Amino acid sequence: MRIGILGTGTLAAALGEGWIRAGHEVRIGGRSRDRAAKLAERLGRGAYAVPPREAVAGRDAVLLAVSWDGVGEMLGLAGAADGALAGTPLIDPTNAVAHGVGDLLTERGESMALRIAGLAPGAHVVKAFHLFPAGLWTGPADDGRPRATVVMCGDDPAALRIVGELVRDVGGAPATLGSLDRVRQLEEIAGFVIGLAFAGVDPNSAIPRVS
Ligand SMILES: NC(=O)c1ccc[n+]([C@@H]2O[C@H](COP(=O)([O-])OP(=O)(O)OC[C@H]3O[C@@H](n4cnc5c(N)ncnc54)[C@H](OP(=O)(O)O)[C@@H]3O)[C@@H](O)[C@H]2O)c1
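Being a predicted model, the structure only gives us computed values, none of them experimental. (Residues numbered from 1 in each chain as written. Predicted model: local features only at pLDDT ≥ 70, side-chain atom pairs only at ≥ 80, totals over all residues. Heavy atoms only, no water.)

This part covers the pattern of salt bridges. Counted under the stated rule, the structure contains nine salt bridges. Across the pair K127 and D92 runs a salt bridge whose closest N-O atoms are separated by 2.9 Å. Remark: D92 occurs in strand 5 (residues 89–92) and K127 occurs in strand 6 (residues 124–127); sequence separation between them is 35 residues. For the pair shown, K127 and D92 are each scored as buried. For K127, the salt bridge is made with E187, and the minimal N-O distance between the two is 3.0 Å. Pair noted here: K127 is in strand 6 and E187 is in helix 7 (residues 183–198), with a separation of 60 residues, a long-range link. According to the relative accessible area criterion, E187 is buried, its value standing at 5%. Because the salt bridges share partners, they merge into one network encompassing D92, K127 and E187. (Salt bridge = Lys/Arg side-chain N within 4 Å of Asp/Glu carboxyl O. Helix = DSSP H or I, 4+ residues; strand = E, 2+ residues; numbered from the N terminus. Buried < 20%, exposed > 50% of the residue type's maximum accessible area, 1.4 Å probe, protein only.)

This is the structure:
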C-alpha cells in the first residue's frame with residue numbers, strides 16, 4: 001500500500017517501521033521537514049520525507065500520529081479543509097487524556113475522531129492503535145500469535161478493511177466495535193486504563209474474563 005504518516009514522533013516511527021517491514025511505501029510529513037527527513041532516513045528503503053500535503057495525496061491510508069492538541073494545525077498543513085483527504089482512510093490514534101489522571105480532555109460527549117472527521121471533510125476516519133504503547137509494534141513478532149487485538153471504530157466498511165490489513169501487517173488482530181457513533185466508548189477506555197494504572201491497579205484485573 002501507499003501510506004501517508006502525518007507526524008514524526010514515537011508512534012509514527014513504530015508503525016512506520018512495521019509497515020515498511022511489511023513492504024509498504026511510506027511518505028512522512030511533519031511540521032518540521034528536518035524531523036521528517038531524519039525519520040525517513042531511519043526507516044530506510046521505502047520511506048520518503050515530503051511536505052504534509054504530499055504525504056496525504058493519492059494514499060491508500062493516512063495515519064494522523066500527532067498530539068491531540070496538534071491535530072488542527074497538522075490537518076491544516078495537509079490541506080484537509082480543501083478536501084485533500086476526501087475518500088482516504090484516515091487513522092486516528094490520538095488520546096486526549098490527562099496524563100496520570102485519565103480524564104478525557106474533549107468536551108462532554110465529544111470525541112477526537114469526530115472532531116478530526118469535522119476537520120477533514122470526506123475523509124473516512126477510523127479510530128485505531130490508540131490503546132497500546134508504540135513499542136508493541138516494533139521488532140519482529142516472536143510467534144504466530146497476535147501481539148494484541150486492535151479495536152477500531154469507523155463508518156466506512158472499505159476503510160475498516162484497509163486499516164484492518166494494516167493492523168495485521170504489524171502483528172495485531174483487528175476487531176470492529178462499531179461506527180463512529182460508538183467511538184467515545186473506545187476513547188474512554190484509554191482514560192480507564194491510564195486512570196487505574198496510575199492508581200496502582202492492574203487494568204487487566206478490572207475486566208471480567210468472558211469465556
Ligand atoms: N507513543 C505511544 O505509545 C502512543 C500509543 C498510542 C497512541 N498514541 C497517540 O499517538 C499520537 C502521537 O503520539 P507520539 O507518542 O508519537 O507523540 P510524540 O512522540 O510526542 O510526537 C508528537 C508528534 O506530534 C507533532 N505535533 C505536536 N503538536 C503539533 C502541532 N501543533 N502541529 C503539528 N504537529 C504537531 C510533533 O511534531 P514536532 O516533533 O514538530 O513537535 C510530533 O511529530 C498522540 O496523539 C498519542 O496520544 C501514542
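The local shell around the ligand holds 22 residues, among which L11, R35, V66, E73 and A134 are the closest. At a separation of 2.9 Å, an oxygen atom of the ligand approaches a polar backbone atom of T10. One of the backbone nitrogen or oxygen atoms of S67 is found 3.3 Å away from an oxygen atom of the ligand. The protein chains hide 77% of the 890 Å² of surface that the ligand would expose on its own. Within the residue set of the shell around the ligand, elements represented by two or more residues are helix 1 (10–21) and helix 4 (71–78). (Near = heavy atom within 4 Å. Polar contact = N/O pair within 3.5 Å; in protein donor to acceptor, adjacent residues only side chain to side chain. Areas by Shrake-Rupley, 256 points an atom, 1.4 Å probe, with all protein chains shown as cover.)

On to the sheet that holds strand 2 (residues 25–29), then. Strand order across the open sheet formed by eight strands is 3-2-1-4-5-6-7-8, with mixed pairing between neighbours. The sheet is open, and its two edges are formed by strand 3 (47–49) and strand 8 (173–178), each paired on a single side. Shown here is a sheet whose adjacent strand axes are inclined to one another by a mean of 25°, direction ignored. As judged from the two bridges shared by strand 6 and strand 7 (residues 149–154), these two strands associate in the antiparallel manner. From the neighbouring strand, K127 faces strand 7, where its bridge partner is C153. Strands strand 1 (2–6), strand 2, strand 3, strand 4 (61–64) and strand 5 of the sheet are contacted by helix 1, whose axis makes an angle of about 170° with strand 1. Taken strand by strand, helix 6 (residues 157–169) contacts strand 1, strand 4, strand 5, strand 6, strand 7 and strand 8, and its axis lies near 160° from that of strand 7. (Pairing = 2+ DSSP bridges. Axes fitted to C-alpha atoms, helices over the stretch in contact; angles between N-to-C directions. Contact = heavy atoms within 4.5 Å.)

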